Structure formats: C-alpha cells, structure tokens
Amino acid sequence: MPKSEKRNSEQRIKILTHIRAMCEKTGIPPNQTEIADHLGISRPNVNYHFGKLLALGLIEKISEDGYDYRLPSYNLKSLPLLNADDLADILVIVQCALT
C-alpha cells in the first residue's frame, strides 16, 4: 500500500475511533468540525474521509445533507460490494482496531 494510502487509512481509523468513543461517552456522534478540532486536521479533510467511509459502509448517512450519520449495525446482507482497494482499506482499519 502506498504511503499516502496508508496515511489515509490511519486518518480514517482515527476518525472512526473518535466517533465510537464519543458515541459511547455522549450517545451521539461528533460532527465533522468537532472531529477536525479533536484530530487537528481540516474539516474539508474530514469531509473527504467521510465520503470514503460512507462508500465503504463504515458510517451511514441518516439525512440527505450528509451531516447526520451513525455507525451502522452490521448485517452481512447490507454490506456493499467491495473492490480490492476497498477491502485492503477495511482490513487495515480492522487490523489496527484489534491491536
């Protein structure tokens, strides 16, 4: 995996980890600005990663504007079809979450 893709995967892991922590702490996911502030990255950068996380099925939109989202409850029938790059991204995220 190229360095830029590894860095992107690491950013997505940090975003998902923060979302999960905030959901456990407050019961609601943080918005993109809160995530950006917490991670020290720009909001457009968070928005870029949100698009990728949405495409991978790792977060779900619950409003048309895309600002309201949730972590999905996984069901094998609801998982999107994945290409090799998507699968590699998911495997990196899962592997880091397990360590």
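Residues numbered from 1 in each chain as written. Predicted model: local features only at pLDDT ≥ 70, side-chain atom pairs only at ≥ 80, totals over all residues. Heavy atoms only, no water.

1. Notes on the confidence of the model for the protein
- Put simply, the protein has an average pLDDT of 78, and 69% of its residues get 70 or more.
- The element-level mean pLDDT for the protein is lowest in helix H4 (residues 84-98), coming to 65, with helix H2 (residues 32-39) highest at 95. (pLDDT = per-residue confidence, 0-100. Helix = DSSP H or I, 4+ residues; strand = E, 2+ residues; numbered from the N terminus.)

2. Side note on the nonpolar core
- Grouped together as the largest cluster of nonpolar side chains are 14 residues, with contacts concentrated most on Ile19, Ile35, Phe50 and Ile59.
- Elements that contribute at least two residues to this core include exactly helix H1 (3-26), H2 and helix H3 (43-56).
- Sort the elements by how many residues they give to this core and H3 lands first, with four residues.
- The contacts of Ile59, once residues within four sequence positions are left out, are Leu16, Ile19, Phe50, Leu53, Leu54, Tyr69, Arg70, Leu71 and Pro72. (Core = buried A, V, L, I, M, F, W, Y, C linked by side-chain atoms within 4.5 Å. Buried < 20%, exposed > 50% of the residue type's maximum accessible area, 1.4 Å probe, protein only. Contact = heavy atoms within 4.5 Å.)

3. Digging into the packing of H2 against H3
- At a minimum axis separation of 8 Å, H2 and H3 run at an interaxial angle of 115°. In terms of axis orientation, H2 runs roughly perpendicular to H3. Like other packed secondary-structure pairs, H2 and H3 cross with a definite hand, here right-handed. The residues of H3 that touch H2, namely those facing Gln32, Thr33, Ile35 and Ala36, are Arg43, Val46, Asn47 and Phe50. (Axes fitted to C-alpha atoms, helices over the stretch in contact; angles between N-to-C directions. Parallel < 35°, antiparallel > 145°, perpendicular 65-115°, else oblique. Left-handed = near helix turned anticlockwise from the far one by under 90°.)

4. Concerning the packing of aromatic side chains
- Under the definition given, this model contains one aromatic pair.
- Considering the side-chain rings of Phe50 and Tyr69, the 4.9 Å spacing of their centres and the 85° angle between planes classify their relative orientation as edge-to-face. Of the two residues, Phe50 is situated in helix H3 and Tyr69 in strand S2 (residues 69-70); the sequence distance between them amounts to 19 residues. Each member of the pair, Phe50 as well as Tyr69, is classed as buried. (Phe/Tyr/Trp six-rings, centres within 6.5 Å; stacked < 30°, edge-to-face > 60°.)

5. Looking at the environment of Ile41
- With respect to the helices and strands, Ile41 occurs in the loop between H2 and H3.
- Separated by 30 residues in the primary sequence, Ile41 and Gln11 place their C-alpha atoms 9.3 Å from one another.

6. Side note on the side chain of Gln11
- On the secondary structure map, Gln11 appears in helix H1.
- By relative accessible area, which is 15% here, Gln11 ends up buried.
- Ignoring any residue separated from it by four or fewer positions in sequence, one finds Gln11 in contact with Ile41 and His49.

7. With respect to H2
- Within the sequence span of H2, burial applies to Gln32, Ile35 and Ala36. For H2, the arc enclosing every buried residue in end-on projection is 100°, short of the 170-degree limit, so these residues lie on one face. In H2, the exposed positions angled more than 90 degrees off the buried face are occupied by Asp37 and His38.
- Directly after H2, the chain includes Gly40, whose backbone phi takes a positive value near 70°. (Arc of directions from axis to C-beta.)

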